[in-house]
Amino acid sequence: MTKAFNAVRWLARCGALVSLLLASALHAQGLDLRHSPNDWQLPAQPDFQWLAPDAGPHDVLADAWQRWPHASINLIDQTQALWLRIPLTLDPNRPWRLYSEWPQMGDIAAYWQAGDGQLVALPLTQGLRYPVFALPQQAGSGHVLLKVHYPQIALVPLRVLTEPALQDVRSEQHGWLGVFFGIGLAVALYNLFLWISTRITLYLWYVLFQMAVYAFEWIRFGLHEPWFGPMAGSEAFILTAGASFWLVNMFSVVLLNLPRLAPKLWRLYRWLLAALGLFIAALATPLAPYLLWLGLPLATLGTVLPLLAFYQVRSAHSRYIWLYGISWGLLITGTLLFNMALMGFMPVNSVTNYAQLFGLSLEAMLLSFLLGLRLNDLRRQRTEIAEELLSVKNHANQRLEQEVALKTASLNQALSELKHAHAALGETARRDALTGQYNRRHFDETLALELQRARREGSELSLALVDIDHFKAFNDRHGHLTGDDCLRAVAQCLAAQLRRPQDVLARYGGEEFALILPDTALAGAHVLLESARAAVQAMVFELDGDRLPVTVSIGVASVVAQGQAEQLIAAADQQLYAAKAAGRNRVKVAQALPTP
């Protein structure tokens, strides 16, 4: 613990020294954007002065500027507005932006003061997570005057960067935030499902803690800004922080079983939980501005007590308690780095900005693993008890179980027979009684499914409509029974031409048949259907020893990736009529339907 504290203190001193050197250079000659890199993190020691909240840039006193004394620009319970002065030399060739990496929690405005004293208000870009001001794209030197009135608690980390660099920074931040919040969402959902399935209160407390702490991070990183605007960011920031501390302590109480294992510590815990609850409730009242000073003491106490509870009951939970200690230590380390920046002891950078969220993500995964171990322990205990009871029950009810097994087997057999009968009935309902091929209902359902698959896979689907030539005259001349025999013969001949299991032949109606050919281009469909037409023509169909000629006309259409069933059927039907009009006994092929 001592080594870790010394390392943190050393990092803080190094960060403060680097910030001081950068601030000295900037204060001495200003930042020349013409020769600077695309992204510049401004140090936290600019000139500043305090003015009334309603003061404007003309109220700034030229001889009242002072150097900011801390490693970060932090505001805690301030009633006055902070004015900052940043010397710059503008770059007319690149669009530069002033970027404050903290969500807007009050009034913030920026002005450009040219060398001749002329003031220009800088526009604030709307709809972003953090305040962004566009610097003038012109030549000349001067100062940026920044007014910040965040009356409760906030940081003001500043960067000057070009528009492309700003987009790169925002993309990188969104990527990391997506990872961190994705982990939090997955862990919360996992434990929510555990609570729903087991009804163990421990998992519910953990889910509520995860929701509160990620809501805090959501507000801290300004993710609410594009949808809800600035809102009451400071109040929500403190409210979610307080709720997080209250819920994590409730989770610790239930996890560590403090009322039974550490009753003295539990009495202290009850006072802490009551104080935190009253503090959170008071934040929703007009007393909130007067109680903010209690936030840090209560948060410190709420951080230390779980560690004290871990030390008190460590021997009673030796199997998984160390995971709790490690996970809580990671979260405390990240929170400590963030709080040191918040209180001005460390500069704001990627480490202090993301340390808490990184520690929270690791803590969430470790605690989920811990909860999984505890669930396994509970399941093992329940299994042992259940096995004991089952052994007694089996010994007393062995004959009854045998009878139940016999009856169950009989019932399963009956259900299996019923299932096969139902399947056979379903298959019969999809077959045409005369030809034995699929009927119109199966055709409609299959065509809709194949069109969906073609759209999903981007494949080509062909449809053919087949009509027996002069069938009405055939029926009138030879009788309906002979006509039925002819329908069966033609259906068998067409079915014999299909080689793939996914190809479907169905009786479309009367003397018409339909063929659905998935993953088949028009050229391939043409070859197949020309072969089918020739096979029907060559078919031997006799009546009283005399061969009766039978021919078919076929219309083919296809669609690639898109299309509706009605449109495809209409296109094939049009080609069928074209085949009949051209003399029958032929195949007519349409062009592929256009893709919408």
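Note that the coordinates shown come from a computational prediction; the quantities given were computed from them, not determined experimentally.

Parameters at a glance
Residues numbered from 1 in each chain as written. Predicted model: local features only at pLDDT ≥ 70, side-chain atom pairs only at ≥ 80, totals over all residues. Heavy atoms only, no water. Pairing = 2+ DSSP bridges. Helix = DSSP H or I, 4+ residues; strand = E, 2+ residues; numbered from the N terminus. Axes fitted to C-alpha atoms, helices over the stretch in contact; angles between N-to-C directions. Salt bridge = Lys/Arg side-chain N within 4 Å of Asp/Glu carboxyl O. Buried < 20%, exposed > 50% of the residue type's maximum accessible area, 1.4 Å probe, protein only.

**Q** Describe the sheet that holds strand 15 (residues 504–509), and please don't skip the residues or the numbers.
**A** In spatial order, the strands read 15-16-14-19-20; together these five strands make up an open sheet with mixed pairing. Two strands bound the open sheet, and with one partner strand each, they are strand 15 and strand 20 (587–589). Each strand of the sheet is rotated relative to its neighbour by a mean of 20 degrees, with strand direction disregarded. Where strand 19 (residues 552–560) meets strand 20, three bridges bridge the pair, whose relative direction is parallel. Across the sheet, Val556 pairs through a bridge with Val589, a residue of strand 20.

**Q** Describe in detail the pairing of strand 8 (residues 107–114), supporting the description with residues and values.
**A** Where strand 8 and strand 11 (residues 141–149) come together, eight bridges link them in antiparallel fashion. Paired with Ala114 across the two strands is Gly142, which belongs to strand 11. With three bridges connecting them, strand 8 and strand 9 (residues 119–121) associate as antiparallel partners. When the bridges of strand 9 are listed, Trp112 appears paired with Val120. Between strand 8 and strand 9, which follow one another and run antiparallel, lie four residues, and Gly117 among them has a positive phi close to 90 degrees.

**Q** Quick rundown of the sheet that holds strand 7 (residues 96–100)? Include the residues and the values.
**A** Sheet strands pair via backbone hydrogen bonds, and the direction of the pair is either parallel or antiparallel. With respect to topology, four strands assemble into an open sheet ordered 2-13-7-10, the strand pairing being antiparallel. Only two strands of the sheet have a single partner each, and these edge strands are strand 2 (39–41) and strand 10 (132–134). Each adjacent strand pair in this sheet contributes to an overall mean axis angle of 20 degrees, direction not counted. Judged from the three bridges that link them, strand 2 and strand 13 (residues 158–162) form a sheet pairing that is antiparallel.

**Q** Talk me through the pattern of salt bridges; I want residue IDs and the actual numbers.
**A** For the structure on display, the rule yields 19 salt bridges. A salt bridge links Glu445 to Arg430, with the nearest nitrogen and oxygen atoms 2.5 Å apart. Here the residue Glu445 occupies a position in helix 13 (residues 440–457), and Arg430 occupies one in the loop between helix 12 (398–429) and helix 13, the gap between them amounting to 15 residues. Judged by relative accessible area, Arg430 falls into the partly exposed class, the value being 23%. Taken together, the shared-partner salt bridges connect Glu450, Arg453, Glu457 and Asp519 into one network.

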